[in-house]
Amino acid sequence: MAKTLIGTYEATIYPEGKGYTGAISLGFAPDGTRQRLKRKGRTKALVKDKLIKAVKDLEAGITASESYTVRDAVHDWLSKGLKGRSENTVTKLRILAETRLDELAGELATSTLREIHSVLKRAIRQAQARDMVLRNAAELVTTPKGTDGRPSKALNRQQAETVLKTAASSELHAYVVISLTTGIRTEEARALCWDHVVAWVHDLKSWLPVTEVGFQHKKFAIYVWRADRDGGDTKTRKSRRTLELPKLAVQALRLHHVRQAAQKLQVGEAWQDRNLVFCSNVGTPLDAANVRRSFRRITKSAGIGTTWTPRELRHSFVSIMSDQGVPIETIADIVGHAGTSVTETVYRHQLRPVITKGAQTMNIIFGDSRHG
């Protein structure tokens, strides 16, 4: 058994098993138990190096054991660092945290890899704040490049009509109709409450919730004031908007309201009343993944394949509005963009009249065959 001085601590290194163990006495805890810091290794030199590092960590205020890993840091962050986040957000971050960047670089989009990398950096940053690690190794690496994300696409008018017809027999019918005819985001649809579905009461010259006045009116609107996001707010302040509903959407919501009332009676005490327009069979919030699967079943039955996602109903709304000659400024207001730049950038392929207007105008001015 050899003794050596490491910093101000006396260390003991002794053979154990197939290698060596080094120990430093840290005195006694308040309860009287002896505190010892131990490190193991194949050789005395390796154990001594580990003890030197451990002493440096102690002097820097780092209290984690040698076995404290990135997995431990992520687990601590998921359990203690996400207070106030929605259940869906916590679930998403937990799934991302369980992946490995390099292994998935050839499978996931670069944007998803960035999210995973962000989770790791935030988790280790919390560990640093708690003096569990000395530095944030995740800050020292670059996010690997992944696959190119699939560009969003839009239903044309004929496809949209087919999807609407097919969705009529689905529990997702009203969800599809509202998303396609108003352009609201999927997270806004999932968070929509019945109190925010309002009718114009002509006699009172006021908008009132349908929960109070019913559907026996001519004009209806939705307050898009919430979203299934952290804190429950919409994506931006501009995203908070009030949208009048087309007749097709009103009819779908009226039928949906009746179906939901019947579902409440059927479920009885198991119903969890969250006042949500779109919810599970027991009243709980819809899971985004389940919505995607249900929507793909609809598109498959409609004969357009299974590569579509609910968010593309919003793209389809922009496309159809654009085809009808609606100004981009109006479209930006309806979909909740602060200006037209995002609408033009993200939905450029859907804004067909905007893209083709220049060529059409040149044809009119110069003629398409005059200089042939």
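Residues numbered from 1 in each chain as written. Predicted model: local features only at pLDDT ≥ 70, side-chain atom pairs only at ≥ 80, totals over all residues. Heavy atoms only, no water.

Colleague: Kindly report on the overall build of the chain, identifying the contributing residues and their values.
Modeller: A count of helical and extended segments in the chain gives 15 helices and eight strands. The proportion of buried residues among the 372 residues of the chain is 39%. The long-range fraction of contacts in the chain, counting pairs at least 24 apart against all pairs at least 6 apart in sequence, stands at 53%. (Helix = DSSP H or I, 4+ residues; strand = E, 2+ residues; numbered from the N terminus. Buried < 20%, exposed > 50% of the residue type's maximum accessible area, 1.4 Å probe, protein only. Contact = heavy atoms within 4.5 Å.)

Colleague: Before we move on, could you go through the confidence of the model for the chain and cite the residues and values that matter?
Modeller: Averaged over every residue, the pLDDT of the chain is 78; residues scoring 70 or more account for 66%. Contacts from residues 352-362, a stretch scored under 50 in pLDDT, to residues over four places away or in other chains number eight contacts. Segment residues 368-372 is flagged for pLDDT under 50; beyond a separation of four residues in sequence, or across chains, it makes three contacts in the model. (pLDDT = per-residue confidence, 0-100.)

Colleague: Could you give an account of the packing of aromatic side chains, naming the residues involved and the relevant values?
Modeller: To describe a pair of aromatic rings, one takes the distance between the centres and the angle between the planes. Inspection of every chain in the model, using the stated rule, returns four aromatic pairs. A ring pair is formed by Tyr175 and Phe278, whose centres lie 5.2 Å apart and whose planes are at 70°; its orientation type is edge-to-face. Here Tyr175 is found in helix H7 (residues 173-182), whereas its partner Phe278 is found in the loop between helix H10 (247-267) and helix H11 (288-301), with 103 residues between them in sequence. For the residue pair Tyr175 and Phe278, the accessibility class agrees, reading buried in each case. Feature note: the residues Trp194, Phe215 and Phe220 constitute an aromatic cluster, connected by ring pairs. We note Lys153 situated over the ring of Trp308; from NZ or CZ to the ring centre the distance is 4.3 Å. (Phe/Tyr/Trp six-rings, centres within 6.5 Å; stacked < 30°, edge-to-face > 60°. Lys NZ or Arg CZ within 6 Å of the ring centre and 35° of its normal.)

Colleague: Break down the packing of helix H6 (residues 157-167) against H11 for me, citing the residues and quoting the values.
Modeller: Contact geometry for H6 and H11: axes closest at 9 Å, N-to-C directions at 115°. Put simply, H6 runs roughly perpendicular to H11. Here the hand of the crossing between H6 and H11 comes out right-handed. Of H11, the residues touching H6 (which contributes Val163, Thr166 and Ala167) are Phe295, Ile298 and Ser301. Taken together, the residues of the contact of H6 with H11 sort by class into four nonpolar, two polar and no charged. (Axes fitted to C-alpha atoms, helices over the stretch in contact; angles between N-to-C directions. Parallel < 35°, antiparallel > 145°, perpendicular 65-115°, else oblique. Left-handed = near helix turned anticlockwise from the far one by under 90°. Nonpolar A, V, L, I, M, F, W, Y, C, P; charged D, E, K, R; others polar.)

Colleague: Give me the lowdown on the packing of H6 against H7, citing residues and values where you can.
Modeller: In the contact formed by H6 and H7, the axes pass within 9 Å of each other and the chain directions differ by 155°. In terms of their interaxial angle, H6 and H7 are classed as roughly antiparallel. In this structure, the crossing between H6 and H7 has a hand that is left-handed. Of the residues in H7, those in contact with Ala160, Val163, Leu164 and Ala167 of H6 are His173, Val176, Val177 and Leu180. Looking at the contact of H6 with H7 residue by residue, the classes come out as seven nonpolar, one polar and no charged.

Colleague: Pulling in residues and values, what's your account of the nonpolar core?
Modeller: Counting residues in hydrophobic clusters, the biggest one holds 39 residues, and the most contacted among them are Val176, Ile222, Leu253 and Phe278. Taken together, the elements giving at least two residues each to this core come down to H6, H7, strand E5 (197-201), strand E7 (220-224), H10 and H11. The element best represented in this core is H7, accounting for six residues. Counting residues in hydrophobic clusters, the runner-up holds nine residues, among them Ile6, Ile13, Leu51 and Ala54. (Core = buried A, V, L, I, M, F, W, Y, C linked by side-chain atoms within 4.5 Å.)

Colleague: How would you summarise unusual backbone geometry if you had to cite specific residues and measurements?
Modeller: Positive phi, close to 50°, is recorded for Lys205, a residue that is not glycine. Tracing the sequence through the fold places Lys205 in the loop between E5 and strand E6 (206-209). One non-glycine residue, Asn275, lies in positive phi territory at about 65°. Structurally, Asn275 is set in the loop between H10 and H11. For Asn275, a relative accessible area of 23% translates into the label partly exposed.

Colleague: Now, about the sheet that holds E6: what can you tell me, with residues and values included?
Modeller: Taken in spatial order, the four strands of this open sheet run E6-E5-E7-E8, and their pairing is antiparallel. Only two strands of the sheet have a single partner each, and these edge strands are E6 and strand E8 (241-244). Along the sheet, successive strands turn relative to each other by an average axial angle of 35°, direction set aside. As judged from the three bridges shared by E5 and E7, these two strands associate in the antiparallel manner. Counterpart to Ala199 in the pairing with E7 is Phe220. (Pairing = 2+ DSSP bridges.)

Colleague: Quick rundown of H7? Include the residues and the values.
Modeller: Within H7, nine of the ten residues are buried, leaving the element largely enclosed by the surrounding structure. If you check which residues of H7 are buried, you get His173, Ala174, Tyr175, Val176, Val177, Ile178, Ser179, Leu180 and Thr182. Following H7 by one or two positions, Gly183 has its phi on the positive side, about 75°.

Colleague: Any chance you could break down the pairing of E7 for me, citing the residues and the numbers?
Modeller: The buried fraction of E7 amounts to five of the five residues, a majority that puts the element mostly inside the structure. Neither face of E7 is left uncovered, since the one carrying Phe220, Ile222 and Val224 and the one carrying Ala221 and Tyr223 both have all their residues buried. Examined bridge by bridge, E7 and E8 share four bridges and lie antiparallel to one another. Residue pairing in the sheet places Val224 in a bridge with Arg241 of E8.

Colleague: Outline a positive patch on the surface, listing residues and values.
Modeller: On the surface, a cluster of positive charge is contributed by Arg292, Arg293, Arg296 and Arg297. When you line up the elements, Arg293 lands in helix H11. The partly exposed category is assigned to Arg293, whose relative accessible area is 45%. (Patch = residues over 30% accessible without salt bridge, like charges linked within 9 Å, V, L, I, M, F, W, Y side chains within 5 Å. Areas by Shrake-Rupley, 256 points an atom, 1.4 Å probe, with all protein chains shown as cover. Salt bridge = Lys/Arg side-chain N within 4 Å of Asp/Glu carboxyl O. Lys, Arg positive; Asp, Glu negative; His and termini not counted. Charge placed at Lys NZ, Arg CZ, Asp CG, Glu CD.)

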